[in-house]
Amino acid sequence: MRLSERKKQRRQRQLIMRFLLFATLFRLFLFWQTPLSYWTEQVYDDQLMYHYADSLADFQWLGDYSHLTLVKSVSYPLFTAFWHIIRVPYSVAIGLLCIVSSAVFVKSVYRLIPHIEWKAAIYLLLLYSPIGFKELVVQRTYQMALVPYAVILVFSCMIALFLGRDDESRLRRWGIGGAVCLPFFYYIRDDSIWIMPFVSVVTAVTLACLIWENRQITRQIIRKAVWILLPVVSLGIVTLGICTMNFIYYDEFAASERTGSEFAELMDCLYKIEDKDASPDVWCSNDAIADAIRVSPSLRSIKEEILGQEANWSQGKNKDMKGDMPMWVMRCALSDAGYFKSSAKMRTFCGKAVEELDEAFESGALKEDGLIHLSSVEVQEEYIENGKYWKDFWKYFTGVMNYKGPAVKLCKMGISTGKADVIREWEDFFYSDTTYPAKYARTDKAMDTSFGLTDRLVQVSVTVIHALYRILSVIVNIAAIAGLVYITAALFRDRRHIEMWLCIMGMLLSAVLLVTAVVLFSSWFGTEMEPSVYMYLAGVYPLLQIAKYLVIYQSFRLMAHQRISEMTLNDRVRRI
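Owing to the predicted nature of the structure, the values given are computational and were not obtained by experimental measurement.

(A) Region of the structure containing the overall build of the protein chain. When its secondary structure is counted, the protein chain shows 24 helices and 2 strands. Taking 25 Å as the expected radius of gyration for a compact globule of 576 residues, we find that the protein chain reaches 27 Å, a close match to that expectation. Oriented by its inertia axes, the alpha-carbon framework of the protein chain measures out at about 95 × 65 × 50 Å. Going through the 576 residues of the protein chain one by one, you find that 51% of them count as buried. Of the contacts made within the protein chain by residues no fewer than 6 positions apart, 75% connect residues no fewer than 24 positions apart. Counting only carbon and sulfur atoms, one obtains 60% of the accessible surface of the protein chain, whose full area is about 27,900 Å².

(B) Molecular detail of the nonpolar core. Membership of the largest hydrophobic core comes to 171 residues, with the highest contact counts inside it found for Leu-270 and Leu-299. Counting residues per element, this core draws most heavily on helix H7 (residues 147–163), at 15 residues. What Leu-299 contacts, discounting residues up to four positions off in sequence, is Leu-270, Ala-292, Ile-293, Ile-306, Met-330, Phe-349, Ala-353 and Leu-357.

(C) Main features of the pattern of salt bridges. Inspection of the entire model under this criterion finds 18 salt bridges. The salt bridge partner of Asp-46 is Arg-140, with a shortest N-O separation of 2.6 Å. Of the two residues, Asp-46 is situated in helix H2 (residues 46–57) and Arg-140 in the loop between helix H6 (135–139) and H7; the sequence distance between them amounts to 94 residues. With a relative accessible area of 0%, Asp-46 lands in the buried category. One salt bridge connects Arg-189 with Asp-191, and the closest N-O pair in it is separated by 3.2 Å. According to the relative accessible area criterion, Arg-189 is buried, its value standing at 14%.

(D) Just the packing of aromatic side chains, in detail. Counted by the stated rule, this structure contains 37 aromatic pairs. With centroids separated by 5.8 Å and ring planes inclined at 35°, the aromatic side chains of Tyr-65 and Tyr-250 adopt a geometry described as tilted. With a gap of 185 residues between them, Tyr-65 in the loop between H2 and helix H3 (75–85) and Tyr-250 in helix H10 (residues 219–250) connect regions that are remote in the sequence. Residue Tyr-250 is classed as buried on the basis of its relative accessible area of 5%.

(E) Main features of the packing of helix H11 (residues 262–271) against helix H15 (residues 325–336). Contact geometry for H11 and H15: axes closest at 11 Å, N-to-C directions at 130°. Classed by the angle they form, the pair H11 and H15 counts as oblique. Taken as a pair, H11 and H15 cross one another with a handedness that is right-handed. Residues Phe-263, Leu-266, Met-267, Leu-270 and Tyr-271 of H11 pack against Pro-326, Met-327, Met-330, Arg-331 and Leu-334 of H15.

(F) Examining a nonpolar patch on the surface more closely. On the surface, Val-460, Val-464, Leu-468, Ile-471, Leu-472, Val-474, Ile-475 and Ile-478 cluster together into a nonpolar patch covering about 770 Å² of accessible area. Relative to the assigned elements, Leu-472 resides in helix H21 (residues 453–490). The class for Leu-472 is partly exposed, based on a relative accessible area of 45%.

(G) Spatial organisation of the environment of Glu-359. Looking at the element boundaries, Glu-359 is found in helix H16 (residues 343–363). The class for Glu-359 is exposed, based on a relative accessible area of 52%. Sequence separation of Glu-359 and Val-106 is 253 residues, and the distance between their C-alpha atoms is 56 Å.

(H) A look at the environment of Asp-277. Here Asp-277 lies in the loop between H11 and helix H12 (286–295). The exposed category is assigned to Asp-277, whose relative accessible area is 74%. Residues Asp-277 and Asp-287, 10 residues apart in the sequence, show an inter-C-alpha distance of 9.2 Å.

(I) Layout of a negative patch on the surface. Taken together, the side chains of Glu-265, Asp-268, Glu-355, Asp-358, Glu-359 and Glu-362 make up a negatively charged region of the molecular surface. Of all the secondary-structure elements, those providing two or more residues to the negative patch are H11 and H16. The biggest single contributor to the negative patch is H16, with 4 residues. Structurally, Glu-355 is set in helix H16. Judged by relative accessible area, which is 46%, Glu-355 ranks as partly exposed.

(J) Representation of the side chain of Ser-555 within the structure. Its location among the elements puts Ser-555 in helix H24 (residues 540–575). The exposure class of Ser-555 is buried, given its relative accessible area of 6%. Of the polar contacts made by the side chain of Ser-555, one reaches the backbone oxygen of Gly-483; its length is 3.5 Å. Excluding residues within four positions of it along the chain, Ser-555 makes contact with Gly-483, Tyr-486 and Ile-487.

About the cut-offs
Residues numbered from 1 in each chain as written. Predicted model: local features only at pLDDT ≥ 70, side-chain atom pairs only at ≥ 80, totals over all residues. Heavy atoms only, no water. Helix = DSSP H or I, 4+ residues; strand = E, 2+ residues; numbered from the N terminus. Rg over C-alpha atoms; globule rule 2.2 N^0.38 Å. Buried < 20%, exposed > 50% of the residue type's maximum accessible area, 1.4 Å probe, protein only. Contact = heavy atoms within 4.5 Å. Areas by Shrake-Rupley, 256 points an atom, 1.4 Å probe, with all protein chains shown as cover. Core = buried A, V, L, I, M, F, W, Y, C linked by side-chain atoms within 4.5 Å. Salt bridge = Lys/Arg side-chain N within 4 Å of Asp/Glu carboxyl O. Phe/Tyr/Trp six-rings, centres within 6.5 Å; stacked < 30°, edge-to-face > 60°. Axes fitted to C-alpha atoms, helices over the stretch in contact; angles between N-to-C directions. Parallel < 35°, antiparallel > 145°, perpendicular 65-115°, else oblique. Left-handed = near helix turned anticlockwise from the far one by under 90°. Patch = residues over 30% accessible without salt bridge, like charges linked within 9 Å, V, L, I, M, F, W, Y side chains within 5 Å. Lys, Arg positive; Asp, Glu negative; His and termini not counted. Charge placed at Lys NZ, Arg CZ, Asp CG, Glu CD. Polar contact = N/O pair within 3.5 Å; in protein donor to acceptor, adjacent residues only side chain to side chain.

Pasting the structure below:
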């Protein structure tokens, strides 16, 4: 009987593994066959990432020093350049990252989910997650393509370190994994600081539990502590390495000129200049810049260049720039004035301008606006006090829970923009096809891709998968909310599932933090830019998705245990 039961379990496991293999290969096929969107005219975004990657592939770091250098993080172009060098299609590389991240997460929660059926289900749900079918995330060759999968990797490594604190071999493996994944994620975007509260808390709690459970500090405990601290230490080492490379190539010891440089200090001064007449979505008005020019001889020397760029960025209307656009106005103006010929010249100019503006603030010639400034983001009190912020927060938080956001485009024409020869150049670099604008397809048959059987299969598959997640999200969300209340209340009578509860709450709170930051940053976005907000929330999708699945799993498990306990109690009563 036992032997037949083992055979049955082995056969069932083999069947599950074969199905997972087929599903994995089919998902990779969908990634491969989905055309990319080459936005070749996005000079400060997609085009900038392409030029960074092209320079890295030629082993020239980030290229020549200019106003476009040191303004974006390096993980995405490094990722792109690596796959270009080994001649693997970019779309396949993203697919592999999706597969690896899904598998790594399932592996990381080995203690929390011992059942292979549940592991397989969660793996498939992550593998076919709707975030992998979003146009602005996966199709576009931009930083956001890596964010959801890198988020899963970092959270997986940190959770595994916490759960495996008693096993040094596991700590070693997951510590090394975290040492790779955390810096990789952190330098995808400049706003990745939001993940550090989770990383810091998990690291501190894991160390505290390790010491508390052993009641002493031994050599073995110290070795374990080294592996637990390795991801954070690695982030510091990688940061030092990036700063060193930038110093070698550009004589600028900073990871980015948007933070931690004289130019960043200059922008901080401009953002806090008071202008009561400015609109809430304007962080630095033209009048504020005019006031800065009035009190700063250095800025006055490039007044014509600044005014010219203000007109250029407002398309000749000389209107105030919304959000962080003044940063690009200043960088372009400094470039026009010739200050980007060397970083030393830039530092000298910006440092002098900062001194002059600081003196003006101290003397009263300039007044500070008194608002809270988080990095370059200006927190408008009116936006929060009138309730619009909380409405936007709830709209986007629930929107992510329901997988809102534009799905991938699989139409015959028009998902790439720019000139035909430039699009072709990008195709050659990424080793991935696209669909050309209609005007080129009509004149060049080589650019007219027929919509064949494979394309229809991909289109139907993506449409059905995306629709299923959207439809079922209502039921899943209700079950997850009820389950969270249930497992939280259950802690008062049984704390054996507190590790699962802590992991869930860590993900939920991190998701809330990221939504909070994105909604503040995008407060100046118009309704036509709503899809872009969901793009910037790419890291929230996997966190909420995983949290929901863990809540539902734990709820079922607790109910099953409670039922078994009641049955056992009833049996004892009958015997008595």
